[in-house]
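As a plain string of letters, each chain reads:
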Amino acid sequence: MQLSKTQVTRLNRIIITAQRILETARLEQSAFHNGMPRRRRRSSEDAAKMRADILAKRAKGIPAAKLAERYGVTTAYIYMIK
């Protein structure tokens with residue numbers, strides 16, 4: 001079966017799209033380890049800002065579980081800051 005140039009072009013677009021989808025899925029999967037997001041190292045400035053923000057939000061009464069989820073840390077760390 002002979003394909004026209006238009007059909008070949010369309011097939012190539014489909015192949016490229018499929019490759020991009022697979023690459024995106026691979027990158028998303030590598031961002032997680034055992035279902036948890038990978039840890040990332042913060043600079044000392046970022047960590048100080050995060051601690052100050054956590055202290056301010058805890059003073060407002062926001063639950064530690066919500067803050068832990070937002071910042072990607074454990075609730076124990078939230079309580080340790082306090």
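Residues numbered from 1 in each chain as written. Predicted model: local features only at pLDDT ≥ 70, side-chain atom pairs only at ≥ 80, totals over all residues. Heavy atoms only, no water.

Undergrad: What should I look at first to understand the overall build of the protein chain in this one?
TA: Looking only at helices and strands, the protein chain features 4 helices and 2 strands. In the protein chain, the succession of α and β elements from N to C terminus is α-β-β-α-α-α. Here the analysis covers contacts within the protein chain between residues at least 6 apart in sequence; of these, 27% occur between residues at least 24 apart. Accessible surface computed for the protein chain: about 7400 Å², of which carbon and sulfur atoms make up 56%. (Helix = DSSP H or I, 4+ residues; strand = E, 2+ residues; numbered from the N terminus. Contact = heavy atoms within 4.5 Å. Areas by Shrake-Rupley, 256 points an atom, 1.4 Å probe, with all protein chains shown as cover.)

Undergrad: Help me out: how do you make sense of the pattern of salt bridges in this one?
TA: A side chain with one charge may pair with a side chain of the opposite charge, provided their charged atoms come close. Scanning all chains against the criterion turns up 1 salt bridge. The salt bridge involving aspartate 53 is made with lysine 57; its shortest N-O contact spans 3.5 Å. Of this pair, aspartate 53 and lysine 57 are both found in helix α2 (residues 44-59), 4 residues apart, which corresponds to roughly one turn of the helix. Accessibility expressed as a relative area gives 27% for aspartate 53, which makes it partly exposed. The exposure class assigned to lysine 57 is buried, which follows from its relative accessible area of 17%. (Salt bridge = Lys/Arg side-chain N within 4 Å of Asp/Glu carboxyl O. Buried < 20%, exposed > 50% of the residue type's maximum accessible area, 1.4 Å probe, protein only.)

Undergrad: Sorry, what's going on with α2 here?
TA: Residues three or four positions apart in an α-helix share a direction because the helix packs 3.6 residues into each turn. In this model α2 runs 23 Å from its N-terminal to its C-terminal C-alpha over 16 residues, within 8% of the 22 Å that 1.5 Å per residue would give. By the burial criterion, the buried members of α2 are Ala47, Met50, Ile54 and Lys57. Buried residues along α2 cover an arc of 95 degrees about the axis, so they all sit on one side. Those residues of α2 that are exposed and aimed more than 90 degrees away from the buried face are Ser44, Glu45, Lys49 and Ala59. Looking at the packing, one finds that the buried side of α2 touches α3 (64-71) and α4 (75-81). Of the residues flanking the end of α2, it is glycine 61, one or two places downstream, whose phi is positive at about 95 degrees. (Expected span 1.5 Å × (residues − 1). Arc of directions from axis to C-beta.)

Undergrad: What am I meant to see in the packing of α2 against α3 here?
TA: For any two helices packed against each other, one specifies the crossing angle of their axes together with the interaxial distance. Two elements in contact, α2 and α3, have axes whose closest approach is 10 Å; the angle formed by their N-to-C orientations is 155 degrees. As summarised for this structure, α2 and α3 are arranged roughly antiparallel, according to the angle between their axes. For the crossing formed where α2 meets α3, the hand is right-handed. Residues Met50, Asp53, Ile54, Lys57 and Arg58 of α2 lie in contact with α3, whose contacting residues are Ala64, Leu67, Arg70 and Tyr71. For the contact of α2 with α3, the residue count by class is 5 nonpolar, no polar and 4 charged. (Axes fitted to C-alpha atoms, helices over the stretch in contact; angles between N-to-C directions. Parallel < 35°, antiparallel > 145°, perpendicular 65-115°, else oblique. Left-handed = near helix turned anticlockwise from the far one by under 90°. Nonpolar A, V, L, I, M, F, W, Y, C, P; charged D, E, K, R; others polar.)

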